Amino acid sequence: MANPIYKVIFYNQNQVFEVYARAIYQSEMYGFIEVEEFVFGERAQLVVDPAEEKLKNEFAAVKRSYIPMHSIVRIDEVEKEGVGKVVDVKGDKVAHFPFGGQGRRPGESDS
């Protein structure tokens, strides 16, 4: 495929985002994936999808997005772009990456 399209599904602030992009790669910033050249559906469609419009507005001025690796659910190479989605997570069915509290440095005391 000369110009592949990727479907990237990731978790962000109690929502699951599904976006399409032409370029993804591991970032030089440790632990991040870079996503570039977002692809959205045709603007000439008669029916406007509010979820996709929300994504278009959110990523309108974004040149490149850095997504933490632990937020990535899945990345697929697809034949053509689909409809981007933002889905609210209901309940607690998405496992959160365990984060420790602010730890103490070695040799630091409680006082």
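Residues numbered from 1 in each chain as written. Predicted model: local features only at pLDDT ≥ 70, side-chain atom pairs only at ≥ 80, totals over all residues. Heavy atoms only, no water.

> Can you help me understand the pattern of salt bridges in this one?
Pairing of side chains with opposite charge becomes possible as their charged atoms draw close. One pass over the full model with this rule turns up three salt bridges. The partner of Arg-64 in a salt bridge is Glu-34, and the shortest N-O contact between them spans 3.3 Å. With a gap of 30 residues between them, Arg-64 in strand 4 (residues 64-68) and Glu-34 in strand 3 (residues 32-39) connect regions that are remote in the sequence. Here Arg-64 falls in the partly exposed class, since its relative accessible area comes to 32%. Ionic pairing is found between Asp-76 and Arg-74, a salt bridge with its closest N-O pair at 2.9 Å. Residue classification places Asp-76 among the buried positions, given a relative accessible area of 18%. Look at Arg-74 and you get partly exposed, because its relative accessible area is 49%. (Salt bridge = Lys/Arg side-chain N within 4 Å of Asp/Glu carboxyl O. Helix = DSSP H or I, 4+ residues; strand = E, 2+ residues; numbered from the N terminus. Buried < 20%, exposed > 50% of the residue type's maximum accessible area, 1.4 Å probe, protein only.)

> Help me out: how do you make sense of the side chain of Glu-18 in this one?
Its location among the elements puts Glu-18 in strand 2 (residues 15-26). Here Glu-18 occupies a buried position and makes no salt bridge, while the nearest side chain of opposite charge, Lys-85, is found at 4.3 Å. Among the polar contacts made by the side chain of Glu-18, one reaches the side chain of Tyr-20 at a distance of 3.3 Å. Excluding residues within four positions of it along the chain, Glu-18 makes contact with Lys-7, Val-8, Ile-9, Leu-55, Val-83, Gly-84 and Lys-85. (Lys, Arg positive; Asp, Glu negative; His and termini not counted. Polar contact = N/O pair within 3.5 Å; in protein donor to acceptor, adjacent residues only side chain to side chain. Contact = heavy atoms within 4.5 Å.)

> For this particular structure, what's the right way to read the packing of aromatic side chains?
We describe a pair of aromatic rings using the distance from one ring centre to the other and the angle between the two ring planes. Inspection of every chain in the model, using the stated rule, returns three aromatic pairs. When the centroid spacing of 5.2 Å and the interplanar angle of 15° are considered together, the rings of Phe-10 and Phe-17 count as stacked. Of the two residues examined, Phe-10 and Phe-17, each falls in the buried class. Plain terms: the ring middles of Phe-17 and Phe-59 are 6.4 Å apart, the flat faces sit at 90° to each other, and that makes the pair edge-to-face. On the criterion of sequence distance, the pair formed by Phe-17 in strand 2 and Phe-59 in the loop between helix 1 (50-58) and strand 4 is long-range, its members being 42 residues apart. Of the residues examined, Phe-59 reaches a relative accessible area of 9% and is grouped as buried. Grouped by ring-pair contacts, the aromatic residues Phe-10, Phe-17, Phe-38 and Phe-59 constitute a single cluster. (Phe/Tyr/Trp six-rings, centres within 6.5 Å; stacked < 30°, edge-to-face > 60°.)

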